[in-house]
Amino acid sequence: MKTRSFLLSTLAVFIFAGCSSEDAREGNIPGGELDGKAYLSLSLQSHTATSRAVNVEEKPGSSGESKAGTVRVLLFDEEDVCLDVVNFDGLTVGNSGGESGGTGTPEAVASDAKLVPEKTKKVFVVINPYTDGNKGWNLAAETVKGKPWSAINTAIEAVIANVATTNQFMMTSAGKGTGIEGALTNVTVHKPSGYTNEAINQAKTDAKNNPAEISVDRLSAKVELAVKESFTTKPDGAKFAFGGWELSVTNKSVKLYSELITYDNATTGAVYRRDKNYLSDEQPDVSNASTMETNMDAAFNYLKNIDSESEEMPAVAQSKGTSLYCLENTMEAKAQQLGFTTKVVVKATYTPNGLTENSSYFSWKGNYYTLDQLKDEYNNTASGGLKTDLPIFLKKAGVVAEGVSDIDKAIAELTADKFTAKTGIIGRFCAVRYYHESVCYYDVLIRHDQNVTTKMALGRYGVVRNNWYHLELQSVSGPGTPWIPDPSDPDPTNPTPPGTDDDEADAYISVKITINPWTYWTQGVDLH
């Protein structure tokens, strides 16, 4: 497959004293002393995909995922101190089309040359930067000049729309090698051998003929969910229907560049990265139940349970086959835990065999009941068992008043209209569960590299920038939970808490930028 790449030529030229800023913008060569500037230009070329394993391939981005409207090239000296920023606003670039069926137009248009200092030794590229006042990255030259790379590459809090909106996908240098030093790409500048136009033009030609290769990645990850045509429902006679899906536990922070991390048994061409909360001690503190939700809220966006009829239920309504974007969320091996791993929540209807499809039912100790059957089982129980468990559920769910004097009578008088779509959520974590109209929810952790088969090994879970995760539901063997899987609200009776294991002389420089294709993974999912 093919995607697109940007050819970026940084061309430095000797400018004589008396050169006006207008002359510099037009690329003219007036007479006088040296001014210490250079030129930069961009154009586009295609990129050829590499060989991948059977469960992963490369897919080009759509037109809306690949357009470069604003381009910033940060220039650095040998010590990684920023010298200047070169802008290419409004540059017309080509596009490969991708899965949206594009035709490969418009054709790439090379930009005019821009000026850079001779000391330029390294570059970092940012395309479509999020620069919304104090919320985004301030990449203005007056802000970043003189700052080391480490001070520029700070993590910010961002909603996904800031970095993944059609025609405004933010992309940055992909980097090479491990460690944070891999962010910046070394480049070679080309200085004229003299002050003549002939020498200057030769330096420009040398720069364009020897571009440095730079790949860029989208800052976002992409997730889509499908249902396999040959979907299997178990046991025989049970009925299942997909109802929607949504992402949960998505990161709120992102860096311009996250360093590459190596791991064992990696699929060829696969990468893993270190985000802001990669280490265990960088994750939210979930050791105290009273502060767990507050700490989780500070780091992640996630679906939450409700506690009363007055609260709105989270929407889990994405159609099968649709895609959503999220910020990168990676973890060291021991930090791959339920509360910190990006997941998909699936909403569905599952009706056990023997019950009317999409009817409401209860479960208790592995058995399923209609309301009348549940009441009969309760009446036939002398003590303990359902005699104890059913009142606990009904009172927690608010179906029966907490201080009712005659619980047997209250249960005998129960009718179906007393139970709503919220009952099973409010009355969660009890031995008795209520499924309103057979609706239930499933928790699906997103695997990164499926070649990593050792449990809790690095690279097994997480979502990485510029990676596209295709999850395909292939079977179901029972109902999920009637409540939303909420990582900050673990079951106190069967704990699976969030921490559970899962100006110098002129010179010329030429740089070629490639928009990397999405790394596309396929994950089969068995619901249970």
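These numbers come from a predicted model, not from an experiment. (Residues numbered from 1 in each chain as written. Predicted model: local features only at pLDDT ≥ 70, side-chain atom pairs only at ≥ 80, totals over all residues. Heavy atoms only, no water.)

A few words on the overall build of the protein chain. Helices and strands together make up the secondary structure of the protein chain, namely 10 helices and 27 strands. Among the 528 residues that make up the protein chain, the fraction classed as buried is 53%. (Helix = DSSP H or I, 4+ residues; strand = E, 2+ residues; numbered from the N terminus. Buried < 20%, exposed > 50% of the residue type's maximum accessible area, 1.4 Å probe, protein only.)

Summing up the model confidence of the protein chain, the mean pLDDT is 80 and the portion of residues at 70 or higher is 77%. At the low end of the mean pLDDT range in the protein chain sits helix 1 (residues 21-26), at 34; at the high end sits strand 21 (residues 361-364), at 98. Long-range and interchain partners of residues 503-515, a stretch whose pLDDT sits below 50, account for 112 contacts in this model, where long-range means more than four residues apart. (pLDDT = per-residue confidence, 0-100. Contact = heavy atoms within 4.5 Å.)

Attention now moves to the packing of aromatic side chains. For any pair of aromatic rings, the description consists of the separation of the ring centres together with the inter-plane angle of the planes. Taken as a whole and assessed by the stated rule, the structure comprises 14 aromatic pairs. Geometrically, the ring pair formed by phenylalanine 362 and phenylalanine 419 is edge-to-face, given 5.3 Å between the ring centres and 80 degrees between the ring planes. Residue phenylalanine 362 is located in strand 21, and its partner phenylalanine 419 is located in the loop between helix 9 (407-412) and helix 10 (423-426); the two are separated by 57 residues in the primary sequence. The residues phenylalanine 362 and phenylalanine 419 share a single accessibility class, namely buried. One aromatic cluster is present, formed by Phe76, Phe124, Trp149 and Tyr257 through successive ring pairs. A cation over a ring is seen here: lysine 222 above tryptophan 468, with NZ or CZ 3.6 Å from the ring centre. Sitting above the plane of the tyrosine 461 ring, arginine 447 keeps its charged end 5.8 Å from the centroid. (Phe/Tyr/Trp six-rings, centres within 6.5 Å; stacked < 30°, edge-to-face > 60°. Lys NZ or Arg CZ within 6 Å of the ring centre and 35° of its normal.)

The strand order across the open sheet formed by 3 strands is 13-20-24, and the pairing between neighbours is antiparallel. Unpaired on one side and paired on the other, strand 13 (239-248) and strand 24 (439-445) mark the two borders of the sheet. Across the sheet, the mean angle separating the axes of adjacent strands is 25 degrees when strand polarity is ignored. Where strand 13 meets strand 20 (residues 343-351), 9 bridges bridge the pair, whose relative direction is antiparallel. (Pairing = 2+ DSSP bridges. Axes fitted to C-alpha atoms, helices over the stretch in contact; angles between N-to-C directions.)

The next subject is the pattern of salt bridges. Using the criterion set out here, one finds 10 salt bridges in the structure. Note that lysine 222 and glutamate 65 form a salt bridge whose closest N and O atoms lie 2.9 Å from each other. With a gap of 157 residues between them, lysine 222 in strand 12 (residues 220-233) and glutamate 65 in helix 2 (residues 63-66) connect regions that are remote in the sequence. The exposure classification of lysine 222 matches that of glutamate 65, with both residues buried. Here aspartate 489 and arginine 428 are joined by a salt bridge, their closest N and O atoms 2.5 Å apart. Of this pair, aspartate 489 sits in the loop between strand 25 (467-476) and strand 26 (508-515) while arginine 428 sits in the loop between helix 10 and strand 23 (432-435), and the two are 61 residues apart along the sequence. Salt bridges sharing common partners tie together Glu293, Asp297 and Lys304. (Salt bridge = Lys/Arg side-chain N within 4 Å of Asp/Glu carboxyl O.)

Spatially, 22-21-23 is the arrangement adopted by the 3 strands of the open sheet, whose pairing is antiparallel. Each edge of the open sheet is held by one strand with a lone partner, namely strand 22 (367-369) and strand 23. Neighbour to neighbour, the strand axes of the sheet diverge by 25 degrees on average, direction disregarded. Of the strands in this sheet, strand 21 and strand 22 are in contact with helix 7 (residues 371-379), which crosses strand 22 at around 115 degrees.

Judged by nonpolar contacts, the single largest core of 45 residues is most densely connected at Val223 and Val344. Looking at this core, the elements with two or more residues in it are strand 12, strand 13, helix 6 (289-299), strand 19 (323-327), strand 20, strand 24 and strand 25. With residues near it in sequence (within four places) discarded, valine 344 still touches Val223, Leu225, Trp245, Glu246, Leu247, Tyr442, Asp443, Val444, Ile446 and Leu471. (Core = buried A, V, L, I, M, F, W, Y, C linked by side-chain atoms within 4.5 Å.)

Another aspect to go through is helix 7. Because an α-helix packs 3.6 residues into every turn, residues spaced three or four apart end up facing the same way. Within the span of helix 7, buried status applies to Leu371, Leu374, Lys375 and Tyr378. Projected down its long axis, helix 7 carries its buried residues within an arc of 100 degrees, all on one side. Those residues of helix 7 that are buried are in contact with strand 21, strand 22, helix 8 (386-396) and helix 9. (Arc of directions from axis to C-beta.)

Helix packing geometry: the angle between the two helix axes and the distance between the axes. Where helix 7 contacts helix 8, the axes come no closer than 9 Å and their chain directions differ by 130 degrees. Classified by the angle their axes make, helix 7 and helix 8 are oblique. Classified by chirality, the crossing of helix 8 by helix 7 is left-handed. Every residue of helix 8 that contacts helix 7 at Leu374, Glu377, Tyr378 and Asn379 is listed here: Leu386, Lys387, Leu390 and Pro391. For the contact of helix 7 with helix 8, the per-class residue count stands at 5 nonpolar, 1 polar and 2 charged. (Parallel < 35°, antiparallel > 145°, perpendicular 65-115°, else oblique. Left-handed = near helix turned anticlockwise from the far one by under 90°. Nonpolar A, V, L, I, M, F, W, Y, C, P; charged D, E, K, R; others polar.)

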